[in-house]
Amino acid sequence: MAFDSLFTGISGLNAYQSWIDMLSNNIANTATVGFKGQRMTFADLFYQQTGYPSGPSQTLGGVNPMDSGLGVKVNTVDTQFAQGGLETTGINTDLAINGDGFFVLRNVDGSNTPVYTRDGAFSLNANGLLYDPASGLAVQGYTANSNGVVTATGSPGDITVPIGLQEQATATGSGVKVGPSSNDQVFDMSLGGNLDQTQWSQQFLNTVGASANVGQAFTVSTTVYDSLGNAHQMQLTYTPDATGATAATAGAVGGSNPALISGAPIVAPATNTNDTITVTQTSATTATVTDTLGNTQAVNVSGGAQTVTMGGATFTIPASPLAAGTATFAVTSATNGLPSNVEDANGKAHTPATRWKVTASFADGTQIQTIATPGSINAAGAVTAPSYGTGSSGTIGFVYFDQNGQFINSSSIESVAAGQSIAVNAAGYIHSAGGGTPAISQGNQVNVSTWGPGAGNNASAPTAGGAAPTPGPIGLDYSNNASLAGTSTANVISQNGYTAGTLSNITVGLDGTITGSFTNGQQKTLGQVALATFQNEQGLQRLGGNQFGQTAASGLAQVGTASVGRYGQIVAGSLEQSNVNLADQFTKLIVAQRAFEANSRGITTADQNLITVTHLQASEN
C-alpha cells in the first residue's frame, strides 16, 4: 500500500534528520576543549510478513518467507573516546590527559555526585582551591602530608594549594639524607669533582726531598644553614698529604772487596724499587756492574775513576789498578706513607694511591669539632685513637683514593706503619655502609658546636625570636670525588639545608603530582590529581558542560592516579582538543543530506501513487 511507503519515508526522514543533528553538534564543538565526537548507527525498523515459509516436501522444494520492511530507526549513538590532540597553553594549571581517564569534579562541600570530564582548563581560586572555573566544581585528588608524602588511597578530596605557604628553614644536617646507595643514605652534603693526582705526586716528591715544590691544595666554598635559616660560608680545603713518606736509602757497602766502590753511594730520594747492586772486578782496569733488576754495565777505569748510575743509585769506582773481588750494597726504595690497604664502606680492601687531608673553616666564628692529633697504626697493628679539639677551622678527616683515582673511604687515621692497613683493626675509624653514621672519627663529619652570627637575618625565619640556632653534625659524602691526573674541580653537589621560603609556583607532573617551588629554591610535593576510569565508557551519560555522569551501564568509577596501569598521563600546560575530524564530518553530512533527500523522494512518489488511485475512482463516476 502507498500508505506504507509514506510512513517508511517518514522513518527515514526522522532517522537521517537525527544524523544531521548529531553531525551538526560534532561540527559545532570542533573547538570545544576535551570534546568527544559521536557516531550514529542505524537499524531496519520492523517487517510485515506477506508470505509464509514452508519446508521442502516430496512434491515441492519449499517456500521462503516474504517480509516487507517498514522503515529505519536510529540504532545507537556512541561516543568516540579517541585521543584528541594536545594544545600547549603554558598555563601550569591547564591539564590534559594523554591516554585513558577522566578528571573528577565535585562540589566543594562534597555534597553532590561526582562528574567526570576531559576538560582540564582548571585554575586556583582565591582560597587556593584547584577548581573548574566554568562550573565552580573542585578538582578531586589527594593532599600531601607535612612531609610532602601523598597517600593515594581511599576517596579523593579537594586539592588546596595554600596561598603564601611557607617552607620552614632547615639546618644543614637536619634535612633529607643522601648517600652513595640506597642502604647508605646517611649524609647531609654530597661532594664531587676531581682532585689533581699530580699535586699529590708533587707533595710526595717534596716530602722525600726530591723537589722543593709542594703539592697545591684546593679549596671549595659552600653555604650551609643553621636551624633558623641563617647562611654561613664554609670552606673545605683538600690538601695532598704524603705524611710518613720516606726517601730511598743506600745500605753500607759490603762484599769481598768493598774498596771497589769509593765513598758512600747516593740514592735518588724518590727511587721506588728495592735493588741490590754488585761491582765485580774483571781485570786491573775493568769491572762489571750488575743489579737484581737485570741491569748490566761494563766500566773501564784505566783513564781514572768512573761515576756509575744504576737502579736510582750513583756511586764511584776508583781508578786502576782494581783489586780482585766484589763490592755490594742494597737500595731501599722510598715509601709513600700510605696504608697497604684501606677498606671501603662495604668491607672490600683497596690499595690506596693518594691521600688528601680535608680541613673545614668558618670566617664568622662558627665553632666545629676538629682532629687535633690524627690517629695512627704502629708496626704491630695497634691503633692509637685521634684526639679532638674545637675551633673555627681545623682538620676534619683524611680521604683515600685507589690507583684508578676512585674514592675508597675516609678516616681520622693518617700515619700508618709500613705493611699495615686501615681495616678491621680500625673499623671504628672508617665508614661502614648499611647502618654506619658519619662521625669525626670516620673523617666524614663537620660537627658544629656553636654557630656564628652568619650572613642572614634571623627575623626572616619563621622560628626567629627564640633561642640561638641549634648546633649539630653535618655528614660529608665523598663518594663522588675522584683523584685523577688533571685539573682539580672539586665541588659541592648538594646539601640538605635551606633558609625559610614562600611558595612561588606550582608544577604538575605526568603522574599528576603537584609540586610547589619555594623562594628558597626548595621543592615540595603538595598533592596529586586523581583520575577515574570506567569499565564501559560508552555507558557514561553526557551532561553538557564537557561533563559525563556515571550510570548503571558505565559501571562504577575506578579512581586512581595517572601513569599507573590503564590510567593515562597528565600533561601540564596543555589542553586536549576536540577529536572531531571536520573532513570526516562534512563527508558524512553530504551522505546524510542525500539520504534525507532520497527518503523525501520516496514520500513524494507514494503521494503521486495515491493521487493516481484517487483519479481512477473519480473516472468511474
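A brief look at the structure comes next. Just so we're clear, the structure is a prediction, and the values are computed from it rather than from any experiment.

**Things to note about the pairing of strand β36 (residues 472-482)**
So, point 1. With respect to burial, β36 is a largely interior element, eight of its eleven residues being buried.
So, point 2. Note: strand β14 (residues 189-194) against β36, five bridges, orientation parallel. Of the residues in β36, the one forming a bridge with G192 is N480.

**Brief notes about the sheet that holds strand β29 (residues 375-377)**
Whenever strands of a sheet pair, they do so through backbone hydrogen bonds, lying parallel or antiparallel.
So, point 1. Strands sit in the order β30-β29-β34 across an open sheet of three strands; the sheet is mixed. With one partner strand each, in any of the chains shown, β30 (383-384) and β34 (413-416) form the two edges of the open sheet.
So, point 2. Alignment of β29 against β34, held across three bridges, turns out to be parallel. Residue S376 lies in a different strand from β34, and its bridge partner there is S415.

**Overview of the packing of aromatic side chains**
So, point 1. For the coordinates displayed, the defined rule picks out 14 aromatic pairs.
So, point 2. Aromatic pair W200 and F204: ring centres 6.0 Å apart, planes at 5°, arrangement stacked. Pair noted here: W200 and F204 are both in helix α2 (residues 197-207), with a separation of four residues, about one helical turn. Side by side, W200 and F204 carry an identical accessibility label, which is buried.
So, point 3. With 6.3 Å between their ring centres and 40° between their planes, F407 and Y478 make a pair best called tilted.

**A closer look at the sheet that holds strand β16 (residues 231-240)**
So, point 1. Pairing within the open sheet is antiparallel, and its five strands lie in the order β15-β16-β27-β32-β33. The sheet is open, and its two borders are formed by β15 (218-225) and β33 (407-411), each paired with just one other strand. Within this sheet the neighbouring strands show an average axis-to-axis angle of 25°, counted without direction.
So, point 2. Bridging between β15 and β16 involves eight bridges; their strand directions are antiparallel. Along β16, the bridge assignment pairs F218 with Y238.
So, point 3. α2 contacts β16 and β27 (352-362) of the sheet and is inclined by roughly 95° relative to β27.

Criteria and cut-off values
- Residues numbered from 1 in each chain as written.
- Predicted model: local features only at pLDDT ≥ 70, side-chain atom pairs only at ≥ 80, totals over all residues.
- Heavy atoms only, no water.
- Buried < 20%, exposed > 50% of the residue type's maximum accessible area, 1.4 Å probe, protein only.
- Helix = DSSP H or I, 4+ residues; strand = E, 2+ residues; numbered from the N terminus.
- Pairing = 2+ DSSP bridges.
- Phe/Tyr/Trp six-rings, centres within 6.5 Å; stacked < 30°, edge-to-face > 60°.
- Axes fitted to C-alpha atoms, helices over the stretch in contact; angles between N-to-C directions.
- Contact = heavy atoms within 4.5 Å.

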